[in-house]
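Listed below, chain by chain, are the residues.
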Amino acid sequence: GNMVEWCLPQDIDLEGVEFKSMASGSHKIQSDFIYFRKGLCFGLACFANMPVESELERGARMKSVGILSPSYTLLYRYMHFLENQVRHQLEMPGHYSHLEAFYDDKKGVLPDRKGTPSSQQPVHWLPSIHRYMYPEMKITHPAGCMSQFIKFFGEQILVLWKFALLRKRILIFSPPPVGVVCYRVYCCCCLANVSLPGLGGTVPESKPFFYVNVADIEMLETEVSYVACTTEKIFEQKRDLYDVYVDNQNVKTHHEHLQPLLKINNADKEKYRRLNDQRQMLMYSQEVGEDCSSCEEDLFILFFMEQNNRIFQTLMEVSASQDKTLTADHARGMGLDPQGDRSFLMDLLEVYGIDVMLVIDNPCCT
């Protein structure tokens, strides 16, 4: 089995991290990277696999080198260092001087369970995670993460958007490599950004758990909202752990009342068309050299944030009005399909505790 070979600081609790930092099935691939969650911290590890002439190691040496941080948004900056170090550890096992120097240079003080720093050394925090992940909190990653997400899921991102906004438990399955799938977890969370103040203090947080495995089952049983990915097919059978299961481009749910949300309606198609139009305009402006400051990730995040803000702004205005009646015109004004998004709207009002009366007729036949 996997084991922790070396760590700093030596007194930190790393139980289970040896399975989080090396995805199940990784022995079939040469290299990978993986984001994961450990308690209140987030980790990034780089994995590599090298053939060796050793019976003890069964012909292959596999290692992961990783770091833990209170935030995941800047972890990617250290990807190159981790890739070099895992290669170094495969070729020269047991030489940790570079890792020690890295730790001494970057270390901060993690809060203890009471929330106070565990020593009097200077505290160097990476930015903490805001509940709704404002654009400035975006993850740093190679260009094209959002672009790949849109190309991979196509119109299905509008289905994922609704589930993310409803704070459902979303589990994404994929065989290794898992690095790009961890980015899909991040992109899913970005779909639910809202920047309106005072919205839904009782709403569950949308938590990116990144990679999970069978050792995380007990923890997942207590979560009411998360987005995660796994390489372990066994999870599909454990329906009590998730609301939405994503296998490749196939998005499905076993909850009957959520089934209508799987259908792409006309309003969804219109939103997808607008998103693609904006992307084309951005690409054109970059080609002619007019705009080098904007990037596709900003466009993607702001597109969904503006869409979400428009929905909640309308809902809050209606709930503050005298008759509290939400009409088909309101739905269209929010960019929603009055009929196709009826069940989505009803769930939204319930999840966010918004006091509004929905008067959109639901015809028995269309």
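Residues numbered from 1 in each chain as written. Predicted model: local features only at pLDDT ≥ 70, side-chain atom pairs only at ≥ 80, totals over all residues. Heavy atoms only, no water.

### Quick look at the nonpolar core
How we decide: Nine residue types can take part in a nonpolar core, namely buried Ala, Val, Leu, Ile, Met, Phe, Trp, Tyr and Cys, and a core is a set of them joined through side-chain atoms within 4.5 Å. Burial classes: relative accessible area under 20% of the type maximum marks a residue as buried, over 50% as exposed, and values in between as partly exposed (1.4 Å probe, protein chains only). Where each domain starts and ends comes from a domain assignment, either automatic or drawn from a database. We call two residues in contact when some of their heavy atoms are within 4.5 Å.
By size, the foremost hydrophobic cluster in this structure holds 95 residues, and its most contacted members are Ile157, Phe300, Phe312 and Leu315. Two domains each donate at least three residues to this core, and these are domain 1 (17–100) and domain 2 (135–316). Ignoring sequence-local partners within four residues, the contact set of Phe312 consists of Leu165, Val194, Leu196, Leu199, Leu348, Tyr352 and Ile354.

### Focus on the packing of helix H5 (residues 156–165) against helix H8 (residues 266–287)
Selection rule: Axis angles are defined between N-to-C directions and span 0 to 180 degrees, where every axis is a line fitted to C-alpha atoms and, for a helix, only to the segment in contact. To qualify as a helix, a DSSP run of H or I must reach at least 4 residues; to qualify as a strand, a run of E must reach at least 2; elements of each kind are numbered from the N terminus. Put simply, angles under 35 degrees are roughly parallel, angles over 145 are roughly antiparallel, angles from 65 to 115 are roughly perpendicular, and the rest are oblique. Put simply, Ala, Val, Leu, Ile, Met, Phe, Trp, Tyr, Cys and Pro go in the nonpolar bin, Asp, Glu, Lys and Arg in the charged bin, and everything else, Gly too, in the polar bin.
Look at H5 against H8: their axes get within 9 Å of each other, and the N-to-C directions meet at 110 degrees. Taken as axis vectors, H5 and H8 run roughly perpendicular relative to one another. Of the residues in H8, those touching H5 at Ile157, Leu158, Trp161 and Lys162 are Asp268, Lys271, Tyr272 and Leu275. Of the residues assigned to the contact of H5 with H8, the class counts are five nonpolar, no polar and three charged.

### Quick word on the side chain of Arg37
We count it as follows: Here a polar contact is taken to be a pair of N or O atoms separated by no more than 3.5 Å, where protein atoms must pair a possible hydrogen donor with a possible acceptor and residues adjacent in sequence count only if both atoms sit in side chains.
Its place among the elements puts Arg37 in strand S1 (residues 31–38). Among the polar contacts made by the side chain of Arg37, one reaches the main-chain carbonyl oxygen of Gly39 at a distance of 3.5 Å. Those residues within four positions of Arg37 in sequence are excluded, and the remaining contacts are Lys20, Phe42, Lys207, Pro208 and Phe209.

### Quick look at the side chain of Thr231
Looking at where Thr231 falls in the secondary structure, it is placed in the loop between strand S6 (226–230) and strand S7 (244–247). Side-chain polar atoms of Thr231 contact the backbone oxygen of Ser24, separated by 2.8 Å. Among the polar contacts listed, one links the side chain of Thr231 to the side chain of Tyr211, at a separation of 3.4 Å. Those residues within four positions of Thr231 in sequence are excluded, and the remaining contacts are Ala23, Ser24, Phe173, Ser174, Pro175, Pro176, Val178 and Tyr211.

### Description of the confidence of the model for the protein
Put simply, the rule reads: What pLDDT conveys is the predictor's confidence in a given residue, as a value from 0 to 100.
On average, residues of the protein score 85 in pLDDT, and 84% of them are at 70 or above. Here residues 113–138 scores under 50 on pLDDT; set against residues more than four positions off or in separate chains, the count is 58 contacts.

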